[in-house]
Amino acid sequence: MRRPSPEFGPALLRAAAALRRWWPERALGVGVVVAILGPVLRRGYVLRYDLVFVPDPPFGAVVWGSGSELPRAVPSELLAVGLSQIVPADLAQKALLAACLALAAVGAARLAPVGHPLARVAAGLAYVWNPWVYGRLHLGQWAVVAGYAALPWAYAWVLGVLRPPPEGTGPGRRSAVAGGLTVVLGGPAMVLAAVLACAPALALARRWRALVAGAAALAGLTAPWWLALASRGGAVDLDQRGVAAFAVRADTPLGVLGSVATLGGIWSRHAVPVGRDQWPVALLALVLAGAALWGYVSTRRRWPSAAWWGLLAGAVLGTMVAVAPAWSVGAQWMVALVEHVPLAGAVRDGTRLLAPLALVQAVGLGMLVESLATAGGRALAPLVMVAPVLLMPGLAWGLSGQLDTVRYPAEWSAVRAEVNRDPAGGSLVSLPWSSFRAYRWAGDVPVLDPAPRAFRRPVVGDQDVLVGRDRIRGESRDADRVAAVLAAPGDPGPALRRLGVRYVLVQTDQPDGAQVEGRFVDAELVRRDGALTLLRLSGSDSSDSSERVGIVPLLGYSVLGATLLIALSHRVKRQ
């Protein structure tokens, strides 16, 4: 018996209708990607601060969070490495960056309760084109931007729980859940931002089942973190000086509060958009922020009361946590929190918690533009829509040319192949002892040492971070032990062998690289290629294979995968 052929006509009609309905958002998503990433969409790697991708990355210790440092790159690194197994790693990097920006713009545009195309574009553009996003892109924190991009989708799920939108309006429930789940990529800080944004609305509406379901989902999604943290054992010794070093700072003449209100205040003065220190720009930015908040007030007529108050409460709470370390009492409170709560150190950079405030302002600006477009201010509506771009043109075209693509020298592939083919166990120490590098072939831009992501075996490197003149101590116990050995006079080889180190990689194009190599008297020279020197410490008693994955990482990712399957397959019922 012949099966009836599937009818594609209705499906094609629905797809065409959706394309017509949502074309402003789709055009916006493509537009912001081209406008911001245009010069780096060609082949090559973007290496900048935390943005480190390597060719053919292995599933090493960084991916599984099995090192002695805090699992900061879990699970974002798994996504990056997994995608790099399908397409070349440089293309995977561009795809992830583009997806983050497009997801943020489209999510905010579809979340705003507006119908006018200009208003939807205004909401999405405001959510992407602001000092918060500029600072994170400047620092190369693509995973943080991914968590930020998930926030509108997560809140769309909250709105769907409180009051399901009419058919054809707002993000679909399945897409809202899928987009919201990516918040886990942003790490503990962005998960906390999502909790601050979503939990108050559900609590005010007394949707306890949804609140419990959301908490269970977050517990499952973050299983790789807390299981890796629990298996690490012992207390997490965080440097208290990091609270002051990463505290919010005034980047405008308006002071701390004015800088935060305009979505700035990042701790790094290098990550501040050009022009924010000028009074006219700062005042116009403050006026725009105030107008956006006024627009958000009018949203109260279109959202359930709990949703309106909930998002506002989340923005206020996030802002309070962000600005607290700027004053002595708040700094003392944060120091005490860091001492007793292991994951509190991940939110020392409190400006990450301004994400709910950015969402409030984006929704409000969309409402303001719709009011202008429909009530006699049609000439002003396009101007207000593009105001974020006019106030901060430095975000365009690769942060005004600061982003560029480079290629790794051939010696990196050769050394990686040499180390990875060795079946013996033992770790690799990356020298000189500093967490950041500046390569001439990469434009001398500061970048995290690529070595931990290039090798299958664990790589021990400096975990300390320099913020201005302050050195903030890292959390890796292995790194502390290696640092103590390197600080002692004489040949460090014998002591490193007792720590289970098999290889030493010396990057001689870095400061003090040649002097560091000269200290290893008895080490075997395996390869000297370009600016890389590979030494083997013979006599190491580590004989197990370095490619094994422990049960804890596998369990954590299994829980995460099961949570994703349940969340994406579960049909949300009307409350």
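In what follows, the structure referred to is the one given above.
## Overview of the overall build of the protein
Next up, step 1: Check the secondary structure of the protein and you find 26 helices and nine strands.
Next up, step 2: In the protein, buried positions account for 55% of the 575 residues.
Next up, step 3: Carbon and sulfur atoms form 62% of the exposed surface of the protein, whose accessible area is close to 25100 Å².

## Re the nonpolar core
Next up, step 1: With 121 residues, the main nonpolar core has Leu-101, Tyr-127, Trp-142, Tyr-155, Trp-303 and Phe-455 as its most contacted residues.
Next up, step 2: A total of 16 residues in this core trace back to one element, the largest contributor, which is helix α8 (residues 142-162).
Next up, step 3: In this structure, Val-429, Val-460, Ala-479 and Leu-496 belong to the second largest nonpolar core, which totals 17 residues.

## Things to note about the pairing of strand β8 (residues 524-529)
Here is the key point about a regular strand: its side chains alternate between the two faces of the sheet.
Next up, step 1: Bridging between β8 and strand β9 (residues 532-536) involves five bridges; their strand directions are antiparallel. Its bridge partner being in β9, Glu-524 is matched across the sheet by Arg-536.
Next up, step 2: Between β8 and β9, which pair antiparallel one after the other, the connecting turn spans two residues, and Gly-530 there sits at a positive phi close to 60°.

## Topic: empty space enclosed by the protein
Next up, step 1: For the structure on display, the rule yields five cavities of 30 Å³ or more.
Next up, step 2: Taken together, 20 residues line the largest cavity, and the ones lying closest to its centre are Trp-129, Asn-130, Pro-131, Thr-262 and Leu-288.
Next up, step 3: Only α15 (279-298), α18 (355-374) and α19 (380-391) provide two or more residues apiece to the lining of the largest cavity.
Next up, step 4: If you tally residues by element for the lining of the largest cavity, the top one is α15, at five residues.

## As for the pattern of salt bridges
Next up, step 1: Scanning all chains against the criterion turns up 18 salt bridges.
Next up, step 2: For Arg-536, the salt bridge identified is with Glu-524, shortest N-O distance 3.1 Å. With Arg-536 in strand β9 and Glu-524 in strand β8, this pair connects stretches of sequence that are 12 residues apart.
Next up, step 3: For Arg-536, a relative accessible area of 17% corresponds to the buried category.

## Observations concerning helix α9 (residues 173-181)
Next up, step 1: Every buried residue of α9 is listed here: Ala-176, Val-177, Gly-179, Gly-180 and Leu-181.
Next up, step 2: On its buried side, α9 packs onto α5 (89-111), α8, α11 (208-221) and α26 (551-569).

## Quick look at helix α4 (residues 76-84)
For the α-helix, the turn length of 3.6 residues means that residues three or four positions removed from each other point alike.
Next up, step 1: Considered for burial, the residues of α4 that qualify are Ser-76, Glu-77, Ala-80, Val-81 and Ser-84. Looking straight down α4, one finds that the buried residues subtend no more than 125° of arc, so they occupy a single side.
Next up, step 2: Buried residues belonging to α4 abut α3 (61-64), α5, α8 and α22 (451-454).

Reading guide: rules and limits
- Residues numbered from 1 in each chain as written.
- Predicted model: local features only at pLDDT ≥ 70, side-chain atom pairs only at ≥ 80, totals over all residues.
- Heavy atoms only, no water.
- Helix = DSSP H or I, 4+ residues; strand = E, 2+ residues; numbered from the N terminus.
- Buried < 20%, exposed > 50% of the residue type's maximum accessible area, 1.4 Å probe, protein only.
- Areas by Shrake-Rupley, 256 points an atom, 1.4 Å probe, with all protein chains shown as cover.
- Core = buried A, V, L, I, M, F, W, Y, C linked by side-chain atoms within 4.5 Å.
- Pairing = 2+ DSSP bridges.
- 1 Å grid on protein atoms, 1.4 Å probe; cavity = no way out; pocket = protein on both sides within 12 Å on 5 of 7 lines; lining within 4 Å.
- Points joined across faces, edges and corners; volume = space filled by probe spheres on them.
- Salt bridge = Lys/Arg side-chain N within 4 Å of Asp/Glu carboxyl O.
- Contact = heavy atoms within 4.5 Å.
- Arc of directions from axis to C-beta.

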